[in-house]
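Structural features, examined
In case you want the letters, here they are:
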Amino acid sequence: MNQRDLFYKWLFYSATALFFLIMQGLLLNRLSLWDGVHPFLPPLLALMPSTLENRDESTLFAVIFGFCTDLLMPGPIPGFYTLVFLTAAVLSGLIAGRLLMPGFLCACVCSTMGLLISGLLYLLTALSHPAISLLDALGLMGRELLLTLPFSPVIFWLDWKIYLRMRDL
């Protein structure tokens, strides 16, 4: 694969992520589905390519995506999403390369892991606040996980189509 094809591959992954981020901002953030909780797609968007692509390239994509997410969405600490997506992308790359064959099952496992890492790190930062209890924070994390995971097949399908199209070049 030459540099032009590599550029277009990651441009298509970025365009897919941008589409879902726009959907997140315009639609999903306005929904109050389960006690005010709504789906949170950025961990899925950062990790799906890491289950299909080269570990180095996909980790760089996750870091850049995390940096952009930090710029656009407030996190509990500066650089929160960059740290979360980097950690999750490295672990996803290890899972996709060593434990599971890249595919839908691997993508579901890695996206669940990414949402759990995001939720647990957010939980650690939130527990420093005296008004938040552990049970409330765990309940919020569980509801968000259950509302977000149904988007995994759609995001995976689009990323899988990009992967198949660009693999043949």
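Just above, that's the structure.
What this report covers is the structure whose coordinates are included nearby. (Residues numbered from 1 in each chain as written. Predicted model: local features only at pLDDT ≥ 70, side-chain atom pairs only at ≥ 80, totals over all residues. Heavy atoms only, no water.)

For helix α1 (residues 3-26), with 24 residues, the first-to-last C-alpha span of 34 Å sits near the 34 Å given by 1.5 Å per residue. Along α1, the positions that sit buried rather than exposed are Asp 5, Lys 9, Trp 10, Tyr 13, Thr 16, Ala 17, Phe 20 and Gln 24. Where the residues of α1 are buried, they touch α2 (42-52), α3 (55-72) and α7 (152-167). (Helix = DSSP H or I, 4+ residues; strand = E, 2+ residues; numbered from the N terminus. Expected span 1.5 Å × (residues − 1). Buried < 20%, exposed > 50% of the residue type's maximum accessible area, 1.4 Å probe, protein only. Contact = heavy atoms within 4.5 Å.)

Let us look at the state of the cysteines. Per the stated rule, a full pass over the model turns up 0 disulfides. Sulfur of Cys 106: no disulfide; nearest cysteine sulfur belongs to Cys 110 and is 4.0 Å away. (Disulfide = S-S within 2.5 Å.)

A separate point is the side chain of Glu 53. By the element assignment, Glu 53 lies in the loop between α2 and α3. Residue classification places Glu 53 among the buried positions, given a relative accessible area of 15%. At 2.7 Å, the side chain of Glu 53 forms a polar contact with the side chain of Tyr 13. Filtering out sequence-adjacent residues up to four positions away, Glu 53 remains in contact with Lys 9, Trp 10, Tyr 13, Ser 58 and Tyr 163. (Polar contact = N/O pair within 3.5 Å; in protein donor to acceptor, adjacent residues only side chain to side chain.)

This part is about the side chain of Ser 92. One can find Ser 92 in helix α4 (residues 80-99). Note on Ser 92: relative accessible area 0%, which makes it buried. Sequence-distant contacts of Ser 92, defined by excluding residues within four places in its chain, comprise Leu 47, Ser 50, Cys 110 and Met 113.

Scanning the model with the defined rule gives 14 aromatic pairs in all. The rings of Trp 10, Tyr 13, Phe 40, Phe 61, Phe 65, Phe 80, Tyr 81, Phe 85 and Tyr 122 are connected pair by pair, giving a single aromatic cluster. (Phe/Tyr/Trp six-rings, centres within 6.5 Å; stacked < 30°, edge-to-face > 60°.)

What follows is about the environment of Gly 75. Looking at the secondary structure, you find Gly 75 in the loop between α3 and α4. Distance from Gly 75 to Leu 115, taken between C-alpha atoms, is 15 Å for residues 40 residues apart in sequence.

This paragraph deals with α3. Spanning 18 residues, α3 covers 25 Å between terminal C-alpha atoms, matching the ideal 26 Å at 1.5 Å per step. Summarising the contacts, the buried residues of α3 are in contact with α1, α2 and α4. Between the side-chain oxygen at the start of α3 and the backbone nitrogen of Asp 56 there is a gap of 3.0 Å, and the oxygen is on Asn 54.

The subject of this paragraph is the packing of α1 against α7. Where α1 meets α7, the closest approach of the two axes is 10 Å, and the angle between their N-to-C directions is 165°. With respect to each other, α1 and α7 are oriented roughly antiparallel. Seen from above, α1 lies across α7 with right-handed handedness. Taking contact as the criterion, the partners of Asp 5, Tyr 8, Lys 9, Phe 12, Tyr 13, Thr 16 and Phe 20 in α1 are, on α7, Val 154, Ile 155, Leu 158, Asp 159, Ile 162, Tyr 163 and Met 166. Class assignment for the residues of the contact of α1 with α7 results in 10 nonpolar, 1 polar and 3 charged. (Axes fitted to C-alpha atoms, helices over the stretch in contact; angles between N-to-C directions. Parallel < 35°, antiparallel > 145°, perpendicular 65-115°, else oblique. Left-handed = near helix turned anticlockwise from the far one by under 90°. Nonpolar A, V, L, I, M, F, W, Y, C, P; charged D, E, K, R; others polar.)

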